[in-house]
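Structural characterization, general
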Amino acid sequence: MLSKEQNRRFTEIGPGTPMGNLFRRYWMPFATVAQMEQHPTRAVSLLGEHLVAFKDRSGKYGLIQEFCPHRNTNLLWGIPEQEGLRCPYHGWLFDSEGKCLEQPAESPESTFKERIELSSYPVEELGGMLWAWMGPEPRPMVPH
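Overview of the structure.

How each quantity is defined
Residues numbered from 1 in each chain as written. Predicted model: local features only at pLDDT ≥ 70, side-chain atom pairs only at ≥ 80, totals over all residues. Heavy atoms only, no water. Phe/Tyr/Trp six-rings, centres within 6.5 Å; stacked < 30°, edge-to-face > 60°. Buried < 20%, exposed > 50% of the residue type's maximum accessible area, 1.4 Å probe, protein only. Helix = DSSP H or I, 4+ residues; strand = E, 2+ residues; numbered from the N terminus.

What follows concerns the packing of aromatic side chains. If you walk through the whole model with that rule in mind, you get 3 aromatic pairs. On the numbers, 6.4 Å between centres and 55° between planes, the contact of Trp-92 with Phe-94 is tilted. Judged by its relative accessible area of 7%, Trp-92 falls in the buried class. Note on Phe-94: relative accessible area 0%, which makes it buried. Ring geometry for Trp-92 and Phe-112: centres 5.9 Å apart, planes at 80°, overall edge-to-face. Taken as a pair, Trp-92 in the loop between strand S6 (84-86) and strand S7 (93-94) and Phe-112 in the loop between strand S8 (100-102) and strand S9 (120-121) lie far apart in primary sequence, 20 residues in all.

Here's what the structure looks like:
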């Protein structure tokens, strides 16, 4: 029989846990291409993290943290743009790498957007599935 500590070690999969670190060494399937065609944003829970998957208007997929860093608005309700996902509250635009590209209420000379970044994970499409890499770089190819 497992002790309480052994059970915790084998079942916790969040960031920084032994099993979480192990599972992050593998590509994780999280959605199908058909699901993203039906709706361009999708709530995703992977390895203890709540994320938002999206497909922008150029066809690129992204997997980013669930909440906007500005006012904690859920990005599930975000608006897909040509090059990313726009927050529905104040309109901040984020690309698939989590970089803030635009902040409509800021001055054009402002460099604030360059200091804002979301947690994000690389996404690959293979066999009608979308795969996320949550581990360290360099990442391997998605297994065929």
